[in-house]
Amino acid sequence: WHRAAIHKPVITRSVVERVLWPIVQSPAQVNIDGEQIQLENYKVLCADLRGTRKDLPENKRILPLHIPKSGYQVITNAQVWDMMEETIKDLGATITSVGTLERGKKFFISISIGDSEMIINKDQYKFFLNIVTSHDGSITLFLYDSAMRIVCMNTLRWSMSDKNIGDLQVKIAHKKNAELAIQNLPEVVNSILTGRTQ
């Protein structure tokens, strides 16, 4: 978006492979007077774009993302994509947008799913199931129903600030056992679609 989007008629894993890069974790260190000192209980997260973004200069293929505490659980873009594919595989869904924002620190997917077009008080709305997460500690993995399709940072903020999502959401913190919470998302999506209809 903003002249940075790649428009495709169908969004598949092969189309979005360039944003499904691994995240490298290493101990956090600081250089003080030429001495490397390790920061206890912290680590450094970097996006490794070497395998997915050959179009970038080599010195721009490692992106710094975050310096979290050691207990921070990384949830990669590929894990979110895989979870989303498994969750919607039998629901007749259409993936409408996928991307990263703020130099890879945010990741989003918007999906048209279920009865996505509804008339409420004579106004027509199109709803999307949005999945967002961050790699800088600013957003948990957040899955929610919204009348806003995400295409840029503004639409991500607007969709998350929608006060009408109420119970039609799930949040998964980047902490221990995050993978277990992700495994329960198919049931959560069914609850969200039931709540949307209500």
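As shown above, the structure is provided for reference.
All values reported here derive from a predicted model rather than from experimental measurement.

Participant: Help me understand the overall build of the chain, please; the structure alone is not making it clear to me.
Facilitator: For the chain, the count of helices and strands is five helices and 10 strands. Going through the 198 residues of the chain one by one, you find that 42% of them count as buried. Counting every atom, the chain has about 11,500 Å² of accessible surface; 50% of that belongs to carbon and sulfur.

Participant: Where do I start with the pattern of salt bridges in this structure?
Facilitator: Should their charged atoms come close, side chains of opposite charge can pair. According to the stated counting rule, one finds nine salt bridges in the structure shown. Here Arg-50 and Asp-48 are joined by a salt bridge, their closest N and O atoms 2.7 Å apart.

Participant: Any chance you could explain the sheet that holds strand S2 (residues 35-48) here in plain terms?
Facilitator: For sheets, the rule is that strands pair by backbone hydrogen bonds, running either parallel or antiparallel. The three strands are arranged S1-S2-S3 in an open sheet whose pairing can be described as antiparallel. Unpaired on one side and paired on the other, strand S1 (23-32) and strand S3 (62-66) mark the two borders of the sheet. On average, adjacent strands in this sheet sit at an angle of 50° to one another, irrespective of strand direction. As paired elements, S2 and S3 share four bridges and run antiparallel to each other.

Participant: Would you explain the pairing of strand S8 (residues 128-134) in this entry?
Facilitator: Two faces belong to every sheet, and in a regular strand the side chains alternate between them. Extensive coverage of S8 is indicated by the burial of seven of its seven residues. Along S8, one buried face is formed by Phe-128, Asn-130, Val-132 and Ser-134 and the opposite face, lined by Leu-129, Ile-131 and Thr-133, is buried too. Relative to S8, strand S5 (residues 106-112) runs antiparallel, the two sharing six bridges. By the bridge assignment, Lys-106 is partnered in S8 with Ser-134. In this sheet, strand S9 (residues 141-146) lies alongside S8 in antiparallel orientation, the contact comprising five bridges. If you follow Val-132 over to S9, its bridge partner there is Phe-142.

Participant: I tried to follow the environment of Val-132 on my own but got confused; where do I start?
Facilitator: Mapped onto the elements, Val-132 comes out in strand S8. Sequence separation of Val-132 and Lys-106 is 26 residues, and the distance between their C-alpha atoms is 7.3 Å. Every residue in contact with Val-132, bar those within four places of it in the chain, is listed here: Phe-107, Phe-108, Ile-139, Thr-140, Leu-141, Phe-142, Tyr-144, Ile-150, Leu-156 and Met-160.

Participant: Honestly, the pairing of strand S4 (residues 94-101) in this entry has me stumped. Any pointers?
Facilitator: Two elements, S4 and S5, share seven bridges in a ladder whose sense is antiparallel. When the sheet's bridge partners are listed, Leu-101 is paired in S5 with Lys-106. Here S4 folds back onto S5, and the loop between the two strands holds four residues, one of which, Glu-102, carries a positive phi near 50°.

Participant: How should the side chain of Asn-130 be read in this particular structure?
Facilitator: Relative to the helices and strands, Asn-130 resides in strand S8. With relative accessibility at 0%, the residue Asn-130 sits in the buried group. Apart from the residues within four sequence positions on either side, Asn-130 is in contact with Ile-109, Ser-110, Phe-142, Leu-143, Tyr-144, Ser-146, Met-148, Ile-150 and Ser-159.

Participant: What is the right way to look at a nonpolar patch on the surface in this model?
Facilitator: Taken together, the side chains of Leu-39, Tyr-42 and Ile-67 present a nonpolar region at the surface, about 260 Å² in accessible area. Tracing the sequence through the fold places Ile-67 in the loop between S3 and helix H2 (77-88).

Participant: How do you make sense of the nonpolar core when you look at a structure like this?
Facilitator: Note on soluble globular proteins: their nonpolar side chains tend to be buried together. Of all hydrophobic cores here, the largest spans 31 residues; its most connected members are Trp-81, Ile-95, Val-98, Ile-109 and Ile-111. For this core, the secondary-structure elements that each account for two or more residues are S2, S3, H2, S4, S5, S8 and S9. A total of six residues in this core trace back to one element, the largest contributor, which is H2. Core analysis: the second largest hydrophobic core is formed by nine residues, Val-132, Phe-142, Ile-150 and Leu-156 among them.

Participant: What's the story with helix H3 (residues 153-160) in this structure? I'm lost.
Facilitator: Residues spaced three or four apart along an α-helix face the same direction, because each turn holds 3.6 residues. Those residues of H3 that fall on the buried side of the exposure criterion are Met-153, Thr-155, Leu-156 and Ser-159. Taken down its axis, H3 places every buried residue within 165° of arc, on the same side. On the buried face of H3, the contacting elements are S4, S5, S8 and S9.

Participant: What's the story with the side chain of Arg-61 in this structure? I'm lost.
Facilitator: By the element assignment, Arg-61 lies in the loop between S2 and S3. At 4.6 Å, Glu-58 is the nearest oppositely charged side chain to Arg-61, a buried residue that forms no salt bridge. Side-chain polar atoms of Arg-61 contact the backbone oxygen of Lys-54, separated by 3.2 Å. Setting aside residues no more than four positions away along its own chain, Arg-61 makes contact with Ala-47, Asp-48, Leu-49, Arg-50, Arg-53, Lys-54 and Leu-56.

Calculation rules
- Residues numbered from 1 in each chain as written.
- Predicted model: local features only at pLDDT ≥ 70, side-chain atom pairs only at ≥ 80, totals over all residues.
- Heavy atoms only, no water.
- Helix = DSSP H or I, 4+ residues; strand = E, 2+ residues; numbered from the N terminus.
- Buried < 20%, exposed > 50% of the residue type's maximum accessible area, 1.4 Å probe, protein only.
- Areas by Shrake-Rupley, 256 points an atom, 1.4 Å probe, with all protein chains shown as cover.
- Salt bridge = Lys/Arg side-chain N within 4 Å of Asp/Glu carboxyl O.
- Pairing = 2+ DSSP bridges.
- Axes fitted to C-alpha atoms, helices over the stretch in contact; angles between N-to-C directions.
- Contact = heavy atoms within 4.5 Å.
- Patch = residues over 30% accessible without salt bridge, like charges linked within 9 Å, V, L, I, M, F, W, Y side chains within 5 Å.
- Core = buried A, V, L, I, M, F, W, Y, C linked by side-chain atoms within 4.5 Å.
- Arc of directions from axis to C-beta.
- Lys, Arg positive; Asp, Glu negative; His and termini not counted.
- Polar contact = N/O pair within 3.5 Å; in protein donor to acceptor, adjacent residues only side chain to side chain.

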